[in-house]
Each structure stands twice: as structure tokens, then as C-alpha cells.
Amino acid sequence: MELWPGAWTALLLLLLLLLSTLWFCSSSAKYFMKMAFYNGWILFLAILAIPVCAVRGRNVENMKILRLLLLHVKYLYGIRVEVRGAHHFPPTQPYVVVSNHQSSLDLLGMMEVLPDRCVPIAKRELLWAGSAGLACWLAGVIFIDRKRTGDAISVMSEVAQTLLTQDVRVWVFPEGTRNHNGSMLPFKRGAFHLAVQAQVPIIPIVMSSYQDFYSKKERRFTSGRCQVRVLPPVPTEGLTPDDVPALADRVRHSMLTIFREISTDGLGGGDCLKKPGGAGEARL
Ligand SMILES: CCCCCCCCCCCCCC(=O)SCCNC(=O)CCNC(=O)[C@H](O)C(C)(C)COP(=O)(O)OP(=O)(O)OC[C@H]1O[C@@H](n2cnc3c(N)ncnc32)[C@H](O)[C@@H]1OP(=O)(O)O
Ligand SMILES: CCCCCCCC/C=C\CCCCCCCC(=O)OC[C@@H](O)COP(=O)(O)O
């Protein structure tokens, strides 16, 4: 069927009108549009990253390219990311970063502080997320199959070797899945076994609650602030696998305490981001 000249323009304008009406009249629609754009934009950025990363092949140095490409996204969404404690990152040695995992928006905080030669451990399914999966693979992201515990553990053991031989750092979300509850799930122990096997420190990172500006359940997504707090390194020298449960509990406890302190949503009672001169204002 032939459309008369200008019909496509008219259709496009109608679609734009519909989308903008939805945007202004329904906060749910706004939430879905923002999330769709977020995913779409990442897929687009990944398309840009792939040829540049491909020059080096699969290489952890490519993570810098992904980081650079993603750093502006917070501005598109009006999210102010405040970093505290970045000086706690050891300058040269390998380590294991553990951080809380609230949403795919964690990418914003992660990219803000991601150290050089640091790769995330991700679920295998991400490998199939089109251009983003390929970009992650080229940047050395480590994929684990969460349905096969044995395989996941052996990948983690290989990573323990790689940390030392190739001088890389890894970023693990020990909750093992996204947690939208405004708190922290019990920690899985893989990251802690990994750190103990390699005898490298653990760097805990806490991202404050997003509840003020983002809620998947309520389909709410506005602009807002998030604090990313890097905690002091936790040494693992001399620890054995028997020490892992206590180590994981200790790290989780310290992270949960900070999470409550820096979250401004009323869940944790923290208000250091709101008060001028409050604890959050000081450079830690
Ligand atoms: C521009 C484009 C940009 C694109 C984006 C780029 C950025 C991308 C960012 C992507 C971000 C993506 C983010 C994401 O995708 S997050 C999702 C994927 N990440 C994770 O799941 C990490 C956290 N999970 C773990 O650490 C789990 O423990 C693993 C996965 C290892 C196993 O989990 P599973 O549920 O199967 O089993 P289990 O935890 O009950 O463990 C069973 C037992 O084994 C013990 N055990 C565990 N490990 C070890 C070990 N190494 N040596 C010896 N023992 C070990 C363990 O203590 C337990 O024993 P016990 O304690 O009960 O006696
Ligand atoms: C041709 C195939 C096209 C597939 C298109 C897929 C669309 C995906 C679009 C963009 C990918 C964005 C990458 C963002 C990475 C965010 C990482 C993330 O948050 O993973 C979740 C994982 O931690 C836990 O997963 P679950 O909470 O257990 O679930």
C-alpha cells in the first residue's frame, strides 16, 4: 500500500504527540519510557564500543572504553552521583570489590568509581544481550552460570589465579541478583572464597538506596542523588576457607550499617546527604 507524501511525517508526529501525552500524564509510562531508553541507549553505546574494543580483542583494558562511554548517562537522567572514600582503593595490587545490587542503574555508580583493570562478574545471560553482551565479552567481563554451582565455583577459582597472574581486580555483586527492597539480601560467598584463595583484600562499596528517585515496584523514576561509598580494605591474609562465613557476615554487616547511614529514603534514617556540613559533606 502506497502512503501519500507526508503521511510518514504525520504518523511520526502523531506518535510523538502520543508519547509526550503519556510522558506528562502517566508516571508509569514515563518510568517505562525512561527504562526503555536506558536499555536502548546502552545497546547503542555498545555498538559504538564494539569496533574500538575489537582492535585489542578480549582485553580488560577495554573496560576503560565502556566506562568512558557510560559516564555521561547520569546527566541524561539527572542523577547526581557522589563518591566518598575513593582513596581506599589500593593503588597497585589486585583485590575483590563487593557491592550492593539494587538495579541495572548500578552501572552508573559502578562506572563512576570503576578502577583500572577491574572487571565485573556477571550472569551468563548478559552475554546474549545483543551488542551489550558482545561489548562486555570484549571488555573481559567474567560470565558465570548461576544454574550450575560447580561450574560457577570453578570459574571463580580460575579467576583467583588470573587476579594474581594478570594483575586484575574483580567486581562482584555478592547478593547474586538485583534487590529492589531497599536493603541487602544475604550474601553469597563466592567473592569471599575468591579473595581468600588469592589472599587479596576485599574492597566493600556501598551505593545508597535509590528509593528517593527510583522504584521498580511503584514505577517511579525521577532525578535524584546517590552516594557511592568506598570502604576501607578488608585484609584476607592468613584466612582459610573456614573463615569465609564469618568474613562474609562481617563485610555485609559493615556495608549494611553504611547503607543505612547514607540512604536518604527514611529506611535507614540517614540524612547525611541532606544536611549541609553533615557527615556526607566531608571527604572521607
Ligand atoms: C556500553 C556497554 C556497557 C555494558 C555494561 C558493562 C558492565 C556490565 C556489568 C554487569 C553486572 C552484572 C551483575 C550480575 O550479573 S550479578 C549476578 C551474577 N553474580 C553473582 O552471582 C555473584 C555472586 N554469587 C556468588 O558468589 C555465588 O556464591 C556463586 C555464583 C559462586 C555460586 O552460587 P550458587 O547460588 O550456585 O551457590 P552458593 O552461593 O549457594 O554456593 C554453594 C556453596 O559453594 C561455596 N562456594 C562458593 N564459591 C566458592 C568458591 N569459589 N570456592 C569454594 N566454595 C565456594 C559456597 O560458600 C556454598 O557453600 P556453603 O557456604 O553453603 O557451605
Ligand atoms: C538481540 C538480543 C537483544 C537483547 C536485548 C536485551 C536488552 C538488554 C539491554 C541492555 C543491556 C543493559 C546492560 C545492563 C547491565 C546491567 C547488569 C544487571 O543489572 O544485570 C542483572 C544481574 O546483575 C542480576 O540479574 P537478576 O536480577 O538476577 O535478573
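Going by the annotation in an unreviewed UniProt entry, the name recorded for the protein chain is 1-acyl-sn-glycerol-3-phosphate acyltransferase, with Apodemus speciosus given as the source organism. The UniProt entry for the protein chain carries the following text under Sequence similarities (unreviewed entry): "Belongs to the 1-acyl-sn-glycerol-3-phosphate acyltransferase family." Per UniProt, the comment on the protein chain under Pathway (unreviewed entry) is "Phospholipid metabolism; CDP-diacylglycerol biosynthesis; CDP-diacylglycerol from sn-glycerol 3-phosphate: step 2/3."

Engineer: For the nonpolar core, give the residues involved together with the corresponding values.
Structural biologist: One finds Trp-171 and Phe-221 to be the most contacted residues of the largest nonpolar core, which totals 49 residues. Of all the elements in the fold, those that place two or more residues in this core are helix H2 (27-54), helix H3 (63-70), strand S1 (79-84), helix H5 (106-113), strand S3 (118-123), helix H6 (130-138), strand S6 (202-207) and strand S9 (224-230). Ranked by residue count, the leading element in this core is H2, at nine residues. The contacts of Phe-221, once residues within four sequence positions are left out, are Tyr-31, Lys-34, Met-35, Tyr-77, Ile-79, Leu-105, Phe-213 and Tyr-214. If you look at the next biggest cluster of nonpolar residues, it comprises 37 residues, including Val-96, Phe-192, Val-206 and Met-255.

Engineer: Got a sec to walk through the site of ligand 1? Specific residues and values, please.
Structural biologist: Taken together, 27 residues surround ligand 1, and among them Lys-123, Thr-149, Lys-188, Arg-189 and Gly-190 come closest. Gln-197 places a side-chain nitrogen or oxygen 3.3 Å from a nitrogen atom of ligand 1. Burial of ligand 1 by the surrounding chains reaches 80%, relative to a free accessible area of 1,300 Å². Secondary structure elements with two or more residues in the shell around ligand 1: H2, H5, S3, helix H7 (149-165) and helix H8 (190-198).

Engineer: Just give me the short version of the sheet that holds strand S2 (residues 96-99), but keep the residues and values in it.
Structural biologist: Taken in spatial order, the seven strands line up as S1-S9-S6-S2-S5-S3-S4 in an open sheet, and their pairing is mixed. Both outer strands of the open sheet, S1 and strand S4 (142-144), are each paired with one neighbouring strand and no more. Ignoring which end each strand starts from, the neighbouring axes of this sheet average 25° apart. Bridge analysis of S3 against S4 gives three bridges, and the strand direction is parallel. Looking across to S4, one finds that Lys-123 is bridged to Ile-144. Contacts from H5 reach S1, S3, strand S5 (169-172), S6 and S9 within the one sheet, and its direction differs from that of S1 by about 45°.

Engineer: Can you explain H3? Please cite residues and give values.
Structural biologist: Listed as buried for H3 are Met-63, Ile-65, Leu-66 and Leu-70. Mapping the buried residues of H3 onto a view down its axis gives an arc of 160°, with all of them on the same face. Buried positions along H3 lie against H2, helix H4 (73-76), H5, S3 and H6.

Engineer: So what's going on with the UniProt feature "transmembrane region" (unreviewed entry) in the protein chain? Residues and values would help.
Structural biologist: The sites that carry the UniProt feature "transmembrane region" (unreviewed entry) are, in the present numbering, residues 38-57. Across residues 38-57, the secondary structure splits into 85% helix and 0% strand, with the terminal C-alpha atoms separated by 26 Å.

Engineer: So what's going on with the site of ligand 2? Residues and values would help.
Structural biologist: Taken together, 14 residues lie near ligand 2, and His-101, Lys-123, Arg-146, Thr-177 and Arg-178 sit nearest. Residue His-101 places a side-chain N or O atom 2.5 Å away from an oxygen atom belonging to ligand 2. Take Thr-177: an N or O atom from its side chain is 2.5 Å from an oxygen atom of ligand 2. Expressed as a share of its isolated accessible area of 760 Å², the protein-covered part of ligand 2 is 65%. When residues of the shell around ligand 2 are traced back to their parent elements, those giving at least two are H2 and H6.

Engineer: Quick rundown of H5? Include the residues and the values.
Structural biologist: Most of H5 is tucked away: six of the eight residues are buried. Burial in H5 covers these residues: Asp-106, Leu-108, Gly-109, Met-110, Met-111 and Val-113.

Engineer: Run through the UniProt feature "domain: Phospholipid/glycerol acyltransferase" (unreviewed entry) in the protein chain, naming residues and quoting values.
Structural biologist: UniProt annotation of "domain: Phospholipid/glycerol acyltransferase" (unreviewed entry) refers to residues 95-210 when read in the numbering used here. The distance from the first to the last C-alpha atom of residues 95-210 is 27 Å, and the span holds 37% helix and 20% strand.

Engineer: Which residues make up the pattern of salt bridges, and what values do they have?
Structural biologist: This model, assessed by the stated rule, comprises eleven salt bridges. Glu-125 serves as the salt-bridge partner of Lys-147, at 3.8 Å between the closest nitrogen and oxygen. A residue pair is termed long-range when its members are at least 10 positions apart, and Lys-147 in the loop between S4 and H7 and Glu-125 in the loop between S3 and H6 qualify at 22 residues. Judged by relative accessible area, which is 72%, Lys-147 ranks as exposed. Of the residues examined, Glu-125 reaches a relative accessible area of 36% and is grouped as partly exposed. The partner of Arg-148 in a salt bridge is Asp-151, and the shortest N-O contact between them spans 4.0 Å. Relative accessible area serves as the criterion here: at 39%, Asp-151 is assigned to the partly exposed category. A network of salt bridges, in which partner residues are shared, links Arg-80, Glu-82, Arg-84 and Arg-225.

Reading guide: rules and limits
- What you see as residue numbers is a count from 1 along each chain, following the sequence as written.
- For this description, chains carry letters from A and ligands carry numbers from 1, given in the order in which they are written.
- Since the coordinates come from a predicted model, pLDDT governs what is reported: local features require at least 70, and pairs of side-chain atoms require 80 or more to be given and counted, while whole-chain, interface and lining totals use all residues.
- Only heavy atoms go into the side-chain values, all of them from the structure, while hydrogens and water stay out.
- UniProt positions are given in the numbering used here, feature names are shortened, and annotations may be inferred rather than shown by experiment.
- Residues belong to one nonpolar core when they are buried, are Ala, Val, Leu, Ile, Met, Phe, Trp, Tyr or Cys, and are joined through side-chain atoms within 4.5 Å.
- Note on classification: 1.4 Å probe, protein chains only; a residue is buried when its accessible area is under 20% of the maximum for its type, exposed when over 50%, partly exposed between these limits.
- Per the convention used, a helix needs a DSSP run of H or I reaching at least four residues, while a strand needs a run of E reaching at least two, with both numbered from the N terminus.
- Any two residues whose heavy atoms approach within 4.5 Å are treated as being in contact.
- By convention in this text, a residue qualifies as near a molecule or strand provided that one of its non-hydrogen atoms is within 4 Å of it.
- By the criterion applied in these results, polar contacts are pairs of N or O atoms within 3.5 Å in which, for protein atoms, one can donate a hydrogen and the other can accept it, and in which residues neighboring in sequence qualify only through two side-chain atoms.
- Here the accessible surface of atoms and residues is derived via Shrake-Rupley with a 1.4 Å probe, and residues count as covered only by protein chains that are part of the display.
- We call two strands paired when DSSP finds no fewer than two bridges between them.
- Axes here mean lines fitted to C-alpha atoms, for a helix over just the part in contact, with angles spanning 0 to 180 degrees between N-to-C directions.
- When we speak of the arc, we mean the arc of directions from the helix axis to the C-beta atoms.
- By definition, a salt bridge exists where a carboxyl oxygen of Asp or Glu is found within 4 Å of a side-chain nitrogen of Lys or Arg.

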